[in-house]
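Fold and geometry: a report
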Amino acid sequence: MDTILQLIAILAVVAGTAFSTLGTLGFIRLPDVYTRLHATGKVGVFGVVLLLVAAVAWTPLGWSKGLVLIIFLLLAGPVTSHALSSAAYRIGIPFAHRVRDDLAEADGATPSEEMATLGQ
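Remember, it's a predicted structure, so these values are computed and weren't measured experimentally. (Residues numbered from 1 in each chain as written. Predicted model: local features only at pLDDT ≥ 70, side-chain atom pairs only at ≥ 80, totals over all residues. Heavy atoms only, no water.)

Helix and strand counts for the chain stand at five helices and zero strands. Relative to its full complement of 120 residues, the chain shows a buried share of 25%. Of the accessible surface of the chain, which amounts to about 8200 Å², a share of 72% is contributed by carbon and sulfur atoms. (Helix = DSSP H or I, 4+ residues; strand = E, 2+ residues; numbered from the N terminus. Buried < 20%, exposed > 50% of the residue type's maximum accessible area, 1.4 Å probe, protein only. Areas by Shrake-Rupley, 256 points an atom, 1.4 Å probe, with all protein chains shown as cover.)

See below:
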């Protein structure tokens, strides 16, 4: 049984490190705050969750504590990314390559008016 838990921990560490590395590369390479938040918000959370699974499998930490932390991370990560991107949009940080802007249409402004207010 210990060998299986160690194998699970090793695989989770490798996968978690890969997810975290991809999130870091996305943060460095992507052009604007919105796509960077997508990379770090999605990929980073899964990297941390997999590293937590490895820690729970390797150490005598209880599965219940680990499960509570995993659920908290899976719930809080996307909410945090959404709050940050919403704040970035509200203060007027421009998009790198805007295809569509549903929030500007919901406010009643046309995309050309929105582009003028953002200084583009």
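The rest of the description comes next.
The geometry of helix α1 (residues 2–29) relative to helix α2 (residues 33–58) is characterised by a closest axis approach of 7 Å and an angle of 160° between their N-to-C directions. Judged by the angle between their axes, α1 and α2 are roughly antiparallel. Between α1 and α2 lies a crossing whose hand is left-handed. In the contact of α1 with α2, the residues fall into 21 nonpolar, eight polar and one charged. (Axes fitted to C-alpha atoms, helices over the stretch in contact; angles between N-to-C directions. Parallel < 35°, antiparallel > 145°, perpendicular 65-115°, else oblique. Left-handed = near helix turned anticlockwise from the far one by under 90°. Nonpolar A, V, L, I, M, F, W, Y, C, P; charged D, E, K, R; others polar.)

The next thing to look at is the confidence of the model for the chain. For the chain, the average pLDDT comes to 83, and 86% of its residues sit at 70 or higher. Within the chain, helix α5 (residues 111–118) has the poorest average pLDDT of any element, 52, and α1 the best, 90. (pLDDT = per-residue confidence, 0-100.)

A surface patch of nonpolar side chains, amounting to about 330 Å² of accessible area, comprises M1, I4 and I8. As for its placement among the helices and strands, I8 is situated in helix α1. The class for I8 is partly exposed, based on a relative accessible area of 38%. (Patch = residues over 30% accessible without salt bridge, like charges linked within 9 Å, V, L, I, M, F, W, Y side chains within 5 Å. Salt bridge = Lys/Arg side-chain N within 4 Å of Asp/Glu carboxyl O.)

Counting residues in each nonpolar core, the largest one holds nine residues, listed as A9, A12, V45, V49, L52, V53, A54, A57 and I70. Elements with a contribution of two residues or more to this core: α1 and α2. Among the elements that make up this core, the one with the highest residue count is α2 (six residues). (Core = buried A, V, L, I, M, F, W, Y, C linked by side-chain atoms within 4.5 Å.)

Another aspect to go through is the environment of V49. Looking at where V49 falls in the secondary structure, it is placed in helix α2. Residue V49 is classed as buried on the basis of its relative accessible area of 9%. Each C-alpha atom, one on V49 and one on V13, is 10.0 Å from the other, the two residues being 36 residues apart in sequence.

Here the focus is helix α3 (residues 63–90). Helix length check: α3, at 28 residues, gives a terminal C-alpha distance of 40 Å against a target of 40 Å (1.5 Å per residue), a fit within 8%. Looking at α3, one finds that the buried residues are G66, I70, G77, S81, A88 and Y89. Positive phi shows up at G92, right after α3, with a value of about 95°. (Expected span 1.5 Å × (residues − 1).)

Below, the discussion takes up the packing of aromatic side chains. A complete count under the given rule lists three aromatic pairs for this structure. Where Y34 meets F95, the ring centres are 4.5 Å apart and the plane angle is 25°; that geometry is what we call stacked. On the criterion of sequence distance, the pair formed by Y34 in helix α2 and F95 in the loop between α3 and α4 (102–106) is long-range, its members being 61 residues apart. Here the aromatic rings of Y89 and F95 are separated by 6.1 Å at their centres, their planes lie at 55°, and the arrangement is tilted. By relative accessible area, which is 22% here, F95 ends up partly exposed. Members of the aromatic cluster, each reached through a chain of ring pairs, are Y34, Y89 and F95. (Phe/Tyr/Trp six-rings, centres within 6.5 Å; stacked < 30°, edge-to-face > 60°.)

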